[in-house]
Amino acid sequence: MELKQKLKNLMNTRGLNGQKLARLSQVSDSEISRILQGKSRPGLDNALRLAQALEVSLDYLADDTVDAEPPGPADSVSPDERKALNLIQKLGSPEILTILENVRFLGYEVAMSRLVGAAKPVIEIDKDSTVTEAKPSPSQAIPAPHVSPRASTVSA
């Protein structure tokens, strides 16, 4: 399949016209028009930009004997990691960043015990204050108290 036909197919698949592809690839609109008409072949820089914009390999675009993009590498993410990524996507970035900041601040063990519902979270607020224990009743869960960044240590 020729380059012009590959580009037309990829553009149709992605809902792009020449102008949108020009913006995505930073290849001039007139150059894309010439390529689509079969009057020009792109140089290496423009071919690479087009391949990146269309998310295909440069080999696929450049080689007229290759009719299909080779399959990408297998997913290297484990099923548990995929679940975590899906959950992160559902929660959203601000919430995940807050969770990660709390995990960093509290430490892994305390944060994980809170996430899985530990019965006796123990938090030390200041260096000089005493340790406070919060025991959730069987009928009502007590939310974890907010700890300000000034707190010095947290123990489990």
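This report concerns the structure included in the present document. Since we're looking at a predicted model, the values are computed, not measured.

1. Comments concerning the overall build of the protein
Scanning the protein from terminus to terminus reveals eight helices and two strands. What you see in the protein, going N to C, is helices and strands ordered as α-α-α-α-α-α-α-α-β-β. Classification of the 156 residues of the protein by burial places 24% in the buried group. A separation threshold of at least 6 residues defines the contact pool for the protein, and within that pool the share at least 24 residues apart is 47%. Of the roughly 11200 Å² of accessible surface on the protein, 55% is carried by carbon and sulfur atoms.

2. So, the pattern of salt bridges
Going through the model one piece at a time under the given rule, you end up with two salt bridges. Note that Arg34 is salt-bridged to Glu31, the shortest N-O span being 2.7 Å. On the criterion of helical spacing, the pair formed by Arg34 and Glu31 is a turn pair, its members being three residues apart in helix H3 (residues 29-36). Take Arg34: its relative accessible area is 35%, and that puts it in the partly exposed class. The closest approach of N and O atoms between Arg41 and Asp64, which form a salt bridge, is 3.7 Å.

3. Digging into the nonpolar core
For soluble globular proteins, the rule of thumb is that nonpolar side chains tend to be buried together. Counting 18 residues, the largest nonpolar core has Leu7, Leu21, Ile32, Leu50, Leu54, Val56 and Leu61 as the members making the most contacts within it. Sorting the residues of this core by element identifies helix H1 (3-14), helix H2 (18-25), H3, helix H4 (44-54) and helix H5 (58-62) as the ones contributing at least two each. The contacts of Leu61, once residues within four sequence positions are left out, are Leu3, Lys6, Leu7, Leu10, Ala47, Leu50, Ala51 and Val56.

4. Thoughts on the side chain of Ser40
Locating Ser40 in the fold gives a position in the loop between H3 and H4. In terms of polar contacts, Ser40 uses its side chain to reach the side chain of Glu31, at 3.4 Å. When near neighbours in sequence (up to four residues on either side) are disregarded, Ser40 contacts Glu31, Arg34 and Ile35.

5. Some words on unusual backbone geometry
Unlike most non-glycine residues, Gln26 shows phi in positive territory, near 60°. Positionally, Gln26 belongs in the loop between H2 and H3. Taking relative accessible area as the criterion, Gln26 reaches 64% and is therefore assigned exposed. A positive phi angle, close to 60°, is found at Glu55, a residue other than glycine.

6. Focus: H3
Every buried residue of H3 is accounted for by Glu31, Ile32, Ile35 and Leu36. Each buried residue of H3 lies within a common arc of 135° when the element is viewed along its axis, so the set occupies one face. The inward-facing, buried residues of H3 abut H1, H2 and H4. Trailing H3 by a residue or two, Gly38 shows a phi angle of about 80°, which is positive.

Cut-off values and rules
- Residues numbered from 1 in each chain as written.
- Predicted model: local features only at pLDDT ≥ 70, side-chain atom pairs only at ≥ 80, totals over all residues.
- Heavy atoms only, no water.
- Helix = DSSP H or I, 4+ residues; strand = E, 2+ residues; numbered from the N terminus.
- Buried < 20%, exposed > 50% of the residue type's maximum accessible area, 1.4 Å probe, protein only.
- Contact = heavy atoms within 4.5 Å.
- Areas by Shrake-Rupley, 256 points an atom, 1.4 Å probe, with all protein chains shown as cover.
- Salt bridge = Lys/Arg side-chain N within 4 Å of Asp/Glu carboxyl O.
- Core = buried A, V, L, I, M, F, W, Y, C linked by side-chain atoms within 4.5 Å.
- Polar contact = N/O pair within 3.5 Å; in protein donor to acceptor, adjacent residues only side chain to side chain.
- Arc of directions from axis to C-beta.

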